[in-house]
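Chain by chain, the residues:
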Amino acid sequence: MSQDSQTTRTPATSLRRLRLGILAISAAVMIGHAANEYGAMLEEKAEAVDGAVRNAETLLISLDEHLGRTLQAAESMIRLGASQIEAELHEREFDTAAIHKAFIDIHRGTSQLRGLGFIDAFGNLSFYTTPNPDPAQPRINAKDREYFTFHRAHPSSEVLIGRPSPSRATGDMIVPLTRRVNHPDGSFAGVVLGALEAAYFNSFYSRLGTGTRALSIFGSDAIMLVRMPSDPKQVGTSFAHRPLFRDHIGQHESGWYRRPAEGDESARYVVYRRATGIPFVLAATIEEPTILAAWHEKLPAKLLTVAGVLLALAMFTGLLLRTTYRQERLAVDLQASEAQFRDFAQSSSDWQWETGPDHRFTRFVGKVDRLDELKAAFLGKSRVDIADPNQLPPGWQQHVQDINAHRPFRDFIYRRVSSDGVIRYAKTSGTPVFGGNGEFLGYRGTASDVTDVVLAEEHASASRKLLANAIETLHEGFVLFDAQDRFVRCNSKFREIYAESADLLVPGTHYENILRHAAELGQFPESIGRTGKWIKQAMAYHHIMASTRQRQLPGGRWVEVREVKLAEGGSVGIHIDITETKLAQEQLRESEERLRSIAANLTQVILEFSVDREGVIHQTFVSERCQDLLGYTADEIMADPMIFARIIEPEFLAAYCQTLADAERAMAPVEVEYRFRRRDGEKRWARSMLRPRQGPDGTVLWDGTINDATEEKAAEGQRRELENQLRHLQRIEAVGTLAGGMAHEINNKLVPIVTFSELMLMKTAEDDPNHRPLQTIHDAAERIRDLVARILSMSRSETPGSTPIEIKTVAANAIDLLRATLRPNVRLSLEADGAGSVRGDGAQLEQVLVNLCTNAAHAIGTNQGHIRLAVDEIEIDEGVAGAGHLPRGHYARLRVIDNGCGMTPQTTQRVFEPFFTTKSVGEGTGLGLSIVHGIIVSHGGRITVESAVGEGTTFTILLPRSVANESSPKEPAANDDATHARPQTASM
Amino acid sequence: MAKILIIDDEKPVRDALEAIAAAAGHQTRAAGDGRQGLVQFAAFQPDLVITDMLMPEKEGIETIADLRKLRPTLPIIAISGGGRVGNLSFLKIAQRFGANRTIAKPFSAQAILTALTELLPAAA
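Note that the structure is predicted; figures quoted are calculated from it, not measured.

### Considerations on the overall build of chain B
Here's step 1: Helix and strand counts for chain B stand at five helices and seven strands.
Here's step 2: Of the regular secondary structure in chain B, the N- to C-terminal order runs β-α-β-α-β-α-β-β-β-α-β-α.
Here's step 3: In chain B, which comprises 124 residues, the share counted as buried stands at 43%.
Here's step 4: The contacts of chain B with a sequence gap of at least 6 include a subset with a gap of at least 24, amounting to 64%.

### Examining the overall build of chain A
Here's step 1: In terms of regular secondary structure, chain A is built from 27 helices and 33 strands.
Here's step 2: Burial status across chain A gives 26% buried among its 988 residues.
Here's step 3: Restricting the contact set of chain A to residue pairs at least 6 apart, pairs at least 24 apart contribute 53%.

### Details of the sheet that holds strand β26 (residues 700-708) of chain A
All names here are of chain A.
Here's step 1: If you trace the five strands from one edge of the open sheet to the other, you get β23-β22-β26-β25-β24, paired in antiparallel fashion. Sheet topology places β23 (617-622) and β24 (670-677) at the edges, where each strand pairs with a single neighbour. For this sheet, the mean angle separating the axes of adjacent strands, direction not counted, is 30°.
Here's step 2: Here strand β25 (residues 683-694) pairs with β26 via nine bridges, running antiparallel. By the bridge assignment, R693 is partnered in β26 with L701.
Here's step 3: Of the strands in this sheet, β24, β25 and β26 touch helix α19 (residues 650-666), which is tilted by about 155° from β24.

### Description of the sheet that holds strand β14 (residues 409-417) of chain A
Residue and element names in this part refer to chain A.
Here's step 1: With antiparallel pairing, five strands are arranged side by side in an open sheet as β13-β12-β16-β15-β14. Both outer strands of the open sheet, β13 (361-366) and β14, are each paired with one neighbouring strand and no more. The sheet shows a mean angle of 25° between the axes of neighbouring strands, taken without regard to direction.
Here's step 2: Direction of pairing for β14 relative to strand β15 (residues 423-434): antiparallel, over a ladder of seven bridges. Bridging from a neighbouring strand, F412 pairs with T428 of β15.
Here's step 3: Sitting on the sheet, helix α8 (residues 371-378) touches β12 (351-355) and β13, and the angle it makes with β13 is about 175°.

### Some details on the interface of chain A and chain B
Here's step 1: Between chain A and chain B, the contact holds 18 residues from the first and 18 residues from the second.
Here's step 2: When residues of the side of chain A that touches chain B are traced back to their parent elements, those giving at least two are α20 (710-763) and α21 (771-795) of chain A.
Here's step 3: With 13 residues, α20 of chain A is the single largest residue contributor to the side of chain A that touches chain B.
Here's step 4: In the side of chain A that touches chain B, the residues fall into nine nonpolar, five polar and four charged.

### Quick look at the nonpolar core
Here's step 1: Ranked by size, the top nonpolar core spans 58 residues in total, and within it V271, L282 and A283 of chain A carry the most contacts.
Here's step 2: Setting aside anything within four residues of it in sequence, one finds A283 of chain A in contact with S216, F218, L244, V270, V271 and Y272 of chain A.
Here's step 3: Counting 41 residues, the second largest nonpolar core, distinct from the first, contains I746 of chain A together with I7, V49 and M53 of chain B.

### Some details on the environment of A811 of chain A
Here's step 1: As for its position among the elements, A811 of chain A is in helix α22 (residues 807-821).
Here's step 2: For the pair A811 of chain A and L869 of chain A, spaced 58 residues apart in the sequence, the C-alpha separation amounts to 7.7 Å.

### Observations regarding the pairing of strand β19 (residues 546-553) of chain A
All names here are of chain A.
Here's step 1: Pairing of β19 with strand β20 (residues 557-565), which is carried by eight bridges, proceeds in the antiparallel orientation. Counted as the bridge partner of T548 is R562 from β20.
Here's step 2: Counting the residues that bridge the hairpin from β19 to β20 gives three residues, and of these G555 lies at a positive phi of roughly 75°.

### Comments concerning the packing of helix α23 (residues 842-860) of chain A against helix α25 (residues 928-938) of chain A
Residue and element names in this part refer to chain A.
Here's step 1: Orientation of α23 relative to α25, taken along the N-to-C sense of each, is 145°, at an axis distance of 10 Å. Along this stretch, α23 crosses α25, giving a crossing that reads as left-handed. Every residue of α25 that contacts α23 at Q844, V848, N851, L852 and N855 is listed here: G928, V932, I935 and I936.

### Considering unusual backbone geometry
Here's step 1: Note that the residue after K105 of chain B, namely P106 of chain B, is joined by a cis bond; omega there is -10°.
Here's step 2: Phi at H406 of chain A is positive, roughly 60°, even though this residue is not glycine.
Here's step 3: Of note, the phi angle at D411 of chain A is positive, near 50°, even though the residue is not glycine.
Here's step 4: By the secondary structure assignment, D411 of chain A is in strand β14.

### Thoughts on helix α3 (residues 146-153) of chain A
Residue and element names in this part refer to chain A.
Here's step 1: When we look at burial in α3, the residues that qualify are Y147, F148 and H151. Burial along α3 is one-sided: seen end-on, the buried residues are contained in an arc of 100°.
Here's step 2: Turning to α3, the residues buried within the fold contact β1 (113-120), β3 (160-161), β5 (173-182) and β6 (188-197).

### Looking at the packing of helix α13 (residues 511-520) of chain A against helix α14 (residues 531-543) of chain A
Residues and elements named next belong to chain A.
Here's step 1: Packing of α13 against α14 brings their axes to within 10 Å, and their N-to-C directions diverge by 140°. When you trace α13 past α14, the crossing you get is right-handed. Between α13, through Y511, E512, L515, R516, A519 and E520, and α14, the contact on the second element is made entirely by T531, W534, I535, A538, M539 and H542.
Here's step 2: Of the residues assigned to the contact of α13 with α14, the class counts are seven nonpolar, two polar and three charged.

### Topic: the confidence of the model for chain B
Here's step 1: Summarising the model, chain B shows a mean pLDDT of 84, and 90% of its residues fall at 70 or more.
Here's step 2: As scored by the predictor, the complex reaches a pTM of 0.32 and an ipTM of 0.83.

### Re the environment of S448 of chain A
Residue and element names in this part refer to chain A.
Here's step 1: Along the polypeptide, S448 turns up in strand β16 (residues 440-449).
Here's step 2: Spatially, the C-alpha atoms of S448 and I413 are 9.4 Å apart, while their sequence positions differ by 35 residues.
Here's step 3: The contacts of S448, once residues within four sequence positions are left out, are S349, D350, A426 and K427.

### Here we look at the environment of S571 of chain A
Residue and element names in this part refer to chain A.
Here's step 1: Structurally, S571 is set in strand β21 (residues 571-577).
Here's step 2: Along the chain, S571 and R486 lie 85 residues apart, while their C-alpha atoms are 9.7 Å from each other.
Here's step 3: For S571, the contacting residues outside a window of four places in its chain are F481, H542, E563, V564, K565 and L566.

### Description of the pairing of strand β2 (residues 125-128) of chain A
Residue and element names in this part refer to chain A.
Here's step 1: Bridge analysis of β1 against β2 gives three bridges, and the strand direction is antiparallel. Bridging from a neighbouring strand, G117 pairs with Y128 of β2.
Here's step 2: Here β1 hands over to β2 after four residues, with G123 in that stretch at a positive phi of 90°.

### So, the confidence of the model for chain A
Residue and element names in this part refer to chain A.
Here's step 1: For chain A, per-residue confidence averages 81 on the pLDDT scale, and residues scoring 70 or more make up 89% of the total.
Here's step 2: pLDDT under 50 marks residues 1-9. Its contacts with residues more than four places away, or in other chains, come to six contacts.
Here's step 3: Taken together, the stretch residues 964-988 has pLDDT below 50 and engages in 26 contacts with residues farther than four places along the chain or on a different chain.

Criteria and cut-off values
- Residues numbered from 1 in each chain as written.
- Chains lettered and ligands numbered in written order.
- Predicted model: local features only at pLDDT ≥ 70, side-chain atom pairs only at ≥ 80, totals over all residues.
- Helix = DSSP H or I, 4+ residues; strand = E, 2+ residues; numbered from the N terminus.
- Buried ≥ 20, exposed ≤ 12 C-beta atoms within 10 Å, placed from the backbone.
- Contact = placed C-beta atoms within 7 Å.
- Pairing = 2+ DSSP bridges.
- Axes fitted to C-alpha atoms, helices over the stretch in contact; angles between N-to-C directions.
- Nonpolar A, V, L, I, M, F, W, Y, C, P; charged D, E, K, R; others polar.
- Core = buried A, V, L, I, M, F, W, Y, C linked by C-beta atoms within 7 Å.
- Left-handed = near helix turned anticlockwise from the far one by under 90°.
- Arc of directions from axis to C-beta.
- pLDDT = per-residue confidence, 0-100.

Structure representation (structure tokens):
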């Protein structure tokens, strides 16, 4: 093949020369045209500048003339003024007012001068036609003015055009025009001053319509006098060092120059002229863009035309060149592909080979150092000959078929054992070669030794396999993404978890796409309705160094996702199916919730706490019930380890702690009772059952309950009271029984004493010495009889009459009985308030009241005292204090209240016992109150006493009220009440 | 002048009653219990009987009941020292069973004399 390459060189070179010729001619034509057009454009530009400058020069000439005329007019006015003054000086009296008036008349005829005035020989402004705008200003003095000094020194009467300067009156720029005024003797009398106003020129020039041009007037000393448009910053400044005065006015009377662009200012043309016969310089400035505006406007059309012509030329050239290129490319391509082939073959392969029609190797070319060995081993042999039938490379059958069918093949790797016994691999590609008639001539191809590559690949493949197997054995889903978040690989567990996204789990898929696809399928319940946001979040997790989160999947499944960034970029994700764990957690939570709920419904408080080795208490659980019992919420209790130490009443705390300590030592459950303060301050009783058990590392775990024992305690107290009452009644009953028995005996024994003494007295005269002893025996026996009668009445258990008795009447009767017997120092009052009626024995009840009142009177003794007998009605509900065991219902209440000496608690307690008395022997039997008690009890009522020493005593009697019109006592309800209310009575 | 039978288990009481009756000029006979009382009643044929209620051997109530059967018009005075059965007073029971008077012990001689005067026929 290489021998053809030489022949293509000549046509390519000649074509290239032809092409150069065409290019040269074409370029020459185009450059010529462009240069011509460029010249024409420059010419037009110069013409535009010339025109503008000429216009400006014309303008300056006319300004020059106008300025000259203006000054002339001003001068003549000044002269007129001066001559007026000089004429006046000839007169005897100088009439300043008249002169001033004359001046005003002169000035009125002109607009050029701002004002006309006279300065006297001392420099003071004598008068001025235009009034000073500021009357407060001191009198103006011009002694230091240049023109004043000049006129004083020089007797010339010419008009002097002064240096432009700011007016002393107004500060505006003025040009002073002055003339000397002489006295008739020729001496200096003063100066007439006319102020040429710079502003005058402004108004004039603006009428000229300067357009974009700027006009300036300078004094001969380069001070700017006027500028149009006005520029206060520049007016009054010196331009002596500016180019206008520095470079131009000195050399030429008139002319122009171009000032290049400076900063923001564009380039401009300055046209200047020295005024004729007067010391002024005129200048006009025209900005270049203004001058060239028209030229610039025409420029694009011009350029377009030029460009069009050039383009046409270029296209024509291009067409010519293209034909030559086509020819050349064919030749060059051929050359290049040959070279390319050679280069590729050499760089991509170690050697080239050729086989004949019988597939036997005919040629080896190459740079490999084993070429000789190859030649020796393979020349004259076919691939089939060389192949080791035991170690046929993969794809061998296909390869053989390709060769036999004369098809090209690529990158087939075969294995051979080299002469030194080393296994080597070569990768080869081949193309069939056919002759001019289509006959098969053999293959040409390239080959490379890829032993290192194959071995490395085998190694890598083995590693990959190992890794893949390792990943595959994981119970967790494994997924690997590269640094660009593209899927690399995953294990089958991962595919199992995300079965719906399996199609996307191919290398190269972007993580976000996998997420989006799954989210759109509804695979992530938490993403529904907010896919975009959810994906953003998931990507954020994916990008942080390491993250762990839980993700819900459909069907109630849960996955824990742990992602770790790899140092080389990329990330590994471990996806653990935690559905079971989650379920167990949920069940545990539910179970705890159930426990909590049960605990909350129990009346007891359930609690659990631990005490660690340091003795620190950790509350771990308190059921919600604690709020009812203790007034604290569970959270408050758990947060405060010392809460029980605070709320348990101090007198119980030590015992509580001791009990717990004992229980801990014995590791046995305990029960402890204590009183505590609720949060609201109420004191209540609690009973705790606590069970200790040994926890890990020396901790003691406690669990148990707290019961509200308040009611129980109260019930216990009530029971104790009832027991006391019962004991009391039993004692009274026992005494009564004994008394009954004794009474019988005594009565029998008394019979002879009473009767015999009585009989004997009948027979004995009063003056008989036996009469008195007999009487004493008889009286003593009678006393004993009365005593026994009382004992009997106490132990008598006849049911009292069951007629309804008006309590008020009973009380009134008792009062009537008492009034006769009580001493006057005792006041007795009745306070009756409709107590209704009770069933019973009126006489007995009367006796009761009399008895109580008599006792009260005794308690009052000789002091002033008051006994109140109060009668009213109350309703007894369950739990009314002092009501004891009485059934519910309406009761008549009788109270005997005295303010006597009162009783000690010991006395109060025993007051109803038979034979208990505080009175001296003979004063009382001690049976009175026990009889009272018996009567009240037999009426189904109850009597209680309250007393305080020194304050008095109150007896309270409660009697069950009967319904007013009830006549029969045999109603079942009444019966019931009776059996309930009178068990003690029956047994007496 | 009448015949009075006195039944009481207490001798001092019998003596006292005999003394009172004798003081009023009556003839008396005494018995220690109900049974003896009935025997004496048959033998003595009294015009009036004074009997205690609570006695050994034969109770006062029973005695009164028997005496009433023997002679329905017999005046009987029941005396009692205050004994009782349950809620019932002997004296009240005695009254119910036919005692013409009931007098609680200890009584005055005058009370007995008054009762005797009232219960015995004026002729006797």
